[in-house]
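The lines below spell out each chain.
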Amino acid sequence: MSLSSTNNRRRARKRSLRKGLPPGVPVYTGDVAGVPVNVAVIDYGTEGVEELTASSTDALQRFQHENTVTWINLDGIHDVENVKALGTAFGLHGLWLEDITNPATRSKAEVMNDRILVTCKAFSVVDGDVTAEQISIAAGKGWVLTFQERPGDVWDPLRQRIRSGGGRIRRMGSDYLLHALLDGIVDHYFVAIETFEAVVDGMEAEALEPTRAVELKQIFVLKNELAELRRAVWPMREAVSTVMRADSGQIGEDVIPYYRDLYDHVVQVMDMLETSRERVVGVYELHLAVTSMRLNDIMKFLTIVSTIFIPMTFIAGVYGMNFKDMPELQWSWGYPFAWALMLGSAAACVAFLVSRRWI
Amino acid sequence: MSLSSTNNRRRARKRSLRKGLPPGVPVYTGDVAGVPVNVAVIDYGTEGVEELTASSTDALQRFQHENTVTWINLDGIHDVENVKALGTAFGLHGLWLEDITNPATRSKAEVMNDRILVTCKAFSVVDGDVTAEQISIAAGKGWVLTFQERPGDVWDPLRQRIRSGGGRIRRMGSDYLLHALLDGIVDHYFVAIETFEAVVDGMEAEALEPTRAVELKQIFVLKNELAELRRAVWPMREAVSTVMRADSGQIGEDVIPYYRDLYDHVVQVMDMLETSRERVVGVYELHLAVTSMRLNDIMKFLTIVSTIFIPMTFIAGVYGMNFKDMPELQWSWGYPFAWALMLGSAAACVAFLVSRRWI
Amino acid sequence: MSLSSTNNRRRARKRSLRKGLPPGVPVYTGDVAGVPVNVAVIDYGTEGVEELTASSTDALQRFQHENTVTWINLDGIHDVENVKALGTAFGLHGLWLEDITNPATRSKAEVMNDRILVTCKAFSVVDGDVTAEQISIAAGKGWVLTFQERPGDVWDPLRQRIRSGGGRIRRMGSDYLLHALLDGIVDHYFVAIETFEAVVDGMEAEALEPTRAVELKQIFVLKNELAELRRAVWPMREAVSTVMRADSGQIGEDVIPYYRDLYDHVVQVMDMLETSRERVVGVYELHLAVTSMRLNDIMKFLTIVSTIFIPMTFIAGVYGMNFKDMPELQWSWGYPFAWALMLGSAAACVAFLVSRRWI
Amino acid sequence: MSLSSTNNRRRARKRSLRKGLPPGVPVYTGDVAGVPVNVAVIDYGTEGVEELTASSTDALQRFQHENTVTWINLDGIHDVENVKALGTAFGLHGLWLEDITNPATRSKAEVMNDRILVTCKAFSVVDGDVTAEQISIAAGKGWVLTFQERPGDVWDPLRQRIRSGGGRIRRMGSDYLLHALLDGIVDHYFVAIETFEAVVDGMEAEALEPTRAVELKQIFVLKNELAELRRAVWPMREAVSTVMRADSGQIGEDVIPYYRDLYDHVVQVMDMLETSRERVVGVYELHLAVTSMRLNDIMKFLTIVSTIFIPMTFIAGVYGMNFKDMPELQWSWGYPFAWALMLGSAAACVAFLVSRRWI
Amino acid sequence: MSLSSTNNRRRARKRSLRKGLPPGVPVYTGDVAGVPVNVAVIDYGTEGVEELTASSTDALQRFQHENTVTWINLDGIHDVENVKALGTAFGLHGLWLEDITNPATRSKAEVMNDRILVTCKAFSVVDGDVTAEQISIAAGKGWVLTFQERPGDVWDPLRQRIRSGGGRIRRMGSDYLLHALLDGIVDHYFVAIETFEAVVDGMEAEALEPTRAVELKQIFVLKNELAELRRAVWPMREAVSTVMRADSGQIGEDVIPYYRDLYDHVVQVMDMLETSRERVVGVYELHLAVTSMRLNDIMKFLTIVSTIFIPMTFIAGVYGMNFKDMPELQWSWGYPFAWALMLGSAAACVAFLVSRRWI
């Protein structure tokens, strides 16, 4: 399990490449996925679905004003020119284009000129590895644009639903499509958290095992990763509520309950994250306490051994002295007497230790 | 005592089974109790009570418009079709049906189209074991539906009150019934917390006992369980206040004081939980401090023993050397002199230790 | 010093006895003080004072509508019937009667039908022991009812003031009497906190004493008791402000400044409690740090002693070996040479320890 | 450096002397400075300044209605009669008189009947010692009263400015005078904090010094004193904003920016205090970590010494045994062989310790 | 890396030099950079740019009312007279002049008489060293004044953009210039944080390295520096939002999105700071836990060595005693018997230790 957090942070750091640039000039500051730009258009209505694939954004503007709902997905935001062309064609503000091409943009939603922009992180889990991707979704009347860098995303079931024409999606407008896209992202938050929870479960089990120790490094890394996840999810609550409260009838009255449901899901994700975080802190505290209890055990054992043998060794030392005139040495019961002394001192020590309940 | 928390978490985890599904499609994601669906109807008014039991939800719609108050309880939400049929018959939104069949739904109240949905956790205590169950309560004018998975619940005294016709319940409407149902749930919160408090009491007593140690594991488990309880109770405050503030006259003016009372109870539960949590943290801190004080005691003892015997053993060692020419060995008072040296050094050590107040 | 907290908690626990009862049915769930019910009436106006004592609540209703101000105090809320009779006579809601007879009710104020109910904890200090009592105060136009379990309370100076007729009290209405009652309770909060502060003072002095240790148990108990006090005082702020903001002219314009003053006092109590809490935490932290510094001192000492003697003992051991052919043993300066070796090694150790500033 | 905190607390404790007294009865509950009452009047306008000194408050009422601005300062609030006379003459509410004579009153501002009362703590620094004094400032149209116990205050530069007639003060009203008085107090907060910051600077430098230890006691005392300062400053923000927002034109439109400036200063003081507090906590944490690292160093050293010498001593012991038949003892190379064994075991130990990087 | 924090604090401390001065009198309380005052004027419009340099502020007033946008930058705020002349010419309030010349002023924005004042800290990074400078920006219709002490700032790219005439800047008004100035400052916040993040990255890597220890001093210093950065950045959020919400049309409708974008950047900076802070705390906790685990390892090793050798040494001591009559000494298998005893005791110890999983 890893959130590929180093990458993420490295990319965010490139934020400083922008310094000195005027605002509203889109510059790509992230890693380039190394794949060509791909534009996929799905245009649908109650009657049917039309799909297009292109490698540039030319001639897509016509979809803006058609009666059908159009979803244009662009893979490869490193190609700033295409993003700019598409964004401008659909009337997005220059600052938004800057946000779309900046993979370090904070999750948020904005409403300007009857258009909505949502930027957020999507998490997908492949083989237990959580990878994050910056996603931007712009929506207007009748169309939704989605922007990402790498091909492959969390929306394949949604595409299937559109194509099959089952369910509600083909009968609803672009506001419902926007909801469906966000819902797909949030649904994967649950998957990501469950991946982390499995790790926390393992750590807890280990921490309660008497003879084993949690690896500190793991707690540390997990805490950092949960913090990163939290920073991605936290602003989503406000973003969803911003979309929901967008005035000028962007979101239809009948779609509002779906957004409220989405909002509840985000809150639940936050809850689960908080729980995971508390559990990790609990494991850390348990680890600290267990470490200090074990130190006690070790020192207690050392003390017992030392306390018993140190006086005995002393007595043996005494009768190893070479004085000319040591009466005990000449006694015929001298040797048994020495043993008696030694065992007596040991017994006294044991008795003392038992009286203090250290044995 | 156990909150059967693992089960709970495992069920919550299945949340990811939903990924890719459109919203509003009810899917049961919890454990199946393994019992057949059971529907119990109680229909009452000032004049009398009528009770029905069924194994499906057919033909219940007629209760929606009668003048009496109807309470329909459904055990077995894993049977999604029945839930769907009942919910649709009483005009519940598809998203609500999804919430009802999802045992991981967060506690909340929602108001839509003159209907109220409350989802929450109910706790029942059997033999000191606290078990949680997801409960959904939907209410409209003249009827209340309750949904749960397992048979048996916290409402038997309420059923008794309805049947006996004593008290206020038979004279009041469905808004009072909704209150009574929530009140029953919250009353059991007190029972659950008291179960935990008994454990905390025991832990505190143990922690203050000088010769015993609290089991760290117990603190750890208790903290996690209290956190879980807290996550269940916390949203209830908002839920109750949402119901109370529901506009369009859902809750009658004369019933409002009862909801305010309920609200106070929820706040009191939260208070008690907070207290328990603080006490557990206190026990943990006490444990840490006691552990470190005991380490001090142990090390002090080892130091005292070592400090007294190490110089004595050294002196014995000196006079155990085999040099040809060691004047002391030939002295007639050599042996007593050695003892004097040894006891003197021991006395000096003891004096020093006493001066530092370690003895 | 003790807050008789165990009692308190035990009583609160009996809260679960109520489970299954309909709301609004008063049941006494606390300890019974074992004294008969006592009702004391003080009826006063500008002209004079009339006092009555009774053992039941019959025939008190007439005071509700007289022009004078009436204060009826009832000791012994375990006698639910009397409470019910009195409350009903003065028009209190059934839920309020439940609150009055429940000694675990949270401090709060409520306004309903031109009546005010304040429930709170009163603390009295006898011989350094703080005892808590649940007090309920119900007020209406021209009358105030006070309910408590045990005889004896914090209001004797107030009774004196009413009887003597000095000051403002006889010229003012029941809103001022309500203020005076609350003021008496809050004044005793100061006394209770000062009792705790004296304990904290002692603990701080002890913690700073170099050779003594605070008893951990004391810190622990004090923290719990301060937390309990805090839970009693905290809701008073909201309660006072609820009374003050009661609409429908319950509290006269000229009495408002007195309530504002009371509010300030409650805030000051909270401030003082917060200070005490912080100081106790400080003592705990100091204790932890002192414990760990002392461990350092102990271990340093053990290390010094061991480091000096271990090499010396080894050298003595070497020359205690019995090899046939050990040249040093035959040297005439062998013995002094051994001493030189031993003292030299000791000196080297000391020098090393000094260089690391451990001596 | 000391905040004379014990005094302060002792005085605050006497708060309980009031218990049972009706509100609005001024009683002095602080220490008596032991100086006679002194009343100083400064009456000024654009034309000139008139100064008066008196030992009682008689005949000062005339200043209330004159056109000039009058500042009456009273030293010695223990003389409750004078305070009462002056306060009543200028129309202050009885509760305010109680606040003025109570040195434990929380910092606050109140507005009643066109009058403003500000109570706060003033800090003055003499020779590095911070002393606190309770100050009350009452202001009305054209006059300001200041009350304190001890002679000498933070306002001498202000008096100078009034006398000299330079600057803005002589041209402005009593609202500006009130601001100037508060500004003088807040200016001295900076001085007090800087005194504490100097101590924190020293502690930080010491904590980072490798061979020295911060005295725990100092951290503890400093934390308590900063907490006390914080409790004095914190409510000032609300007090200033209460004065600023006083309706009924108490504060002129042109003076508002000065109050806003003052407000900014209070916020900055709070910021600085917060910084100091965080730094002290940092020093405490550093101290804890350094202590535990030093323990590691000490134990590591003990372990190294023990590990090297214990096996060697054992070998020496073996060859010190007196068995009749020990072949090694007869070898001609026996003694060097023993040394080889001993040095070899020491070398093995050192090699092991180096391999674990403990040396 | 260092935030030159000592300087900063020293300067802030001089705040007390102001005590006793009336408000609104500008006094420079910071370090003097030791350079002559320099005034640089850039006056631009759609048609062209005019640049002026001067060493005093005379004759600049004419720019206030011209139709072009004028940006006057003043280096050297220690020359209070020049600041005062320039400020007065452009109608700034006296209190603002005080703020401008005070390098300890908290970051904030104020709006008075159609003028905006923003004071904040700008950070520039030279060779990994972060240095802070207090910047004040005053803006009115058609002009912006910037005040700083040292020459050289973060705005050179902006100057270039104005001169080149590319982009939007030459076509926009002074509200956009104000935004561009703030944007330049906030852009450098990212650079400063990235400098700190690089240090945190290094510390984390070190902390996870098993054989090395983070230097505690570094954690301590870094925490203090991050806290300082945070105190500088935190108020910027409110400042930007104050500017944005300035009524009376100070900020044009079309420029608002740019301010919103700036606001987002400030929030992102705060987020990054919070992350860094959490990571430093994480490193501290990890350090503590690692230290205590290492102590365990050390003590375990000492205990193992002692436990094995102490009994063996005792046995050797026993047979080193000189009693006349010790049968074992005469046995022919005595010596091997002793070895058997010793090795047997060692084996028993090892077995015991293995059974407790200490080996």
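Fair warning: this is a prediction, and the values are worked out from it, not measured in the lab. Within any chain, residue numbers begin from 1 and follow the written order of that chain's sequence. As they are written, the chains are lettered A onward and the ligands numbered 1 onward, keeping that order. Since the coordinates come from a predicted model, pLDDT governs what is reported: local features require at least 70, and pairs of side-chain atoms require 80 or more to be given and counted, while whole-chain, interface and lining totals use all residues. With hydrogens and water stripped out, all remaining heavy atoms of the structure feed into the side-chain values.

Quick question: what am I supposed to make of the packing of aromatic side chains here?
Any pair of aromatic rings gets described here by the distance separating the centres and the angle formed by the planes. Working definition: a ring pair exists when centres of Phe, Tyr or Trp rings (six-membered ring for Trp) sit within 6.5 Å. Plane angles under 30 degrees give stacked, over 60 give edge-to-face, the rest tilted. Applying the stated criterion across every chain yields a total of 55 aromatic pairs over all chains. When the centroid spacing of 6.3 Å and the interplanar angle of 55° are considered together, the rings of B:F323 and C:Y335 count as tilted. Of the two residues, B:F323 sits in the loop between α7 (256–318) and α8 (327–330) while C:Y335 sits in helix α9 (residues 334–355), which places them in two different chains. Across the pair, C:Y335 and B:F323 agree in class, each one buried. An aromatic cluster is built from A:F309, A:Y319, A:Y335, A:W339, E:F314 and E:F323, whose rings are joined through pairwise contacts. Note that D:R230 overlies the ring of D:W234, its terminal NZ or CZ placed 5.4 Å from the centroid. Secondary structure elements follow DSSP: runs of H or I of four or more residues count as helices, runs of E of two or more count as strands, with numbering from the N terminus. Relative accessibility decides the category of a residue: with a 1.4 Å probe and only protein chains considered, values under 20% of the type maximum give buried, values over 50% give exposed, and everything between is partly exposed. Charge-over-ring placement is defined geometrically: NZ (Lys) or CZ (Arg) within 6 Å of the ring centre, and within 35 degrees of the ring normal.

I keep staring at the pairing of strand β6 (residues 129–140) of chain E and nothing clicks. Help me out?
The side chains of a regular strand alternate between the sheet's two faces. Residue and element names in this part refer to chain E. Counted residue by residue, β6 has 10 buried out of 12 residues, so it is predominantly covered. In the sheet, strand β5 (residues 115–126) pairs with β6 via 11 bridges, with the strands oriented antiparallel. Among the inter-strand pairings, T119 is bridged to a residue of β6, identified as S136. Strand pairing requires that DSSP identify at least two bridges connecting the strands. The hairpin turn running from β5 into β6, its antiparallel successor, is 2 residues long, and D127 in that turn takes a positive phi close to 55°. Two strands pair when backbone bridges link them, and β6 and strand β7 (residues 143–148) are joined in this way by 5 bridges, in the antiparallel orientation. By the bridge assignment, S136 is partnered in β7 with F147. Counted along the chain from β6 to the antiparallel partner β7, the turn is 2 residues long, and its residue G142 has a positive phi close to 90°.

It is not clear to me how the relation of the copies chain A and chain E should be interpreted in this structure. Could you clarify?
Copy one and copy two of the chain differ by a rotation about a common axis and a shift along it. Placing chain A over chain E gives an RMSD of 0.1 Å and needs a rotation angle of 72°, together with 0.1 Å of translation along the axis. Interpreted geometrically, this transformation is the action of a five-fold axis. In terms of proximity to the rotation axis, the leading residue of chain A is A:G320, whose C-alpha is 4.5 Å off the axis. What sets the superposition is a least-squares fit of C-alpha atoms, and only residues with pLDDT of at least 70 in both copies go into it.

What's the story with the sheet that holds strand β7 (residues 143–148) of chain D in this structure? I'm lost.
Through backbone hydrogen bonds, the strands of a sheet pair up, either in parallel or in antiparallel fashion. All names here are of chain D. Strand order in this open sheet of 7 strands is β2-β1-β3-β7-β6-β5-β4, and the pairing throughout is mixed. The open sheet has two free edges, formed respectively by β2 (49–54) and β4 (108–112), since each of these has just one partner strand. With direction set aside, neighbouring strand axes in the sheet form an average angle of 20°. As defined by bridge partners, strand β1 (residues 38–44) adjoins β2 across 6 bridges and the pair is classed as antiparallel. Its bridge partner lying in β2, I42 is registered against E51. Under this scheme, a helix contributes an axis fitted over its contacting stretch, all axes are lines through C-alpha atoms, and angles between N-to-C directions fall in the 0 to 180 degree range.

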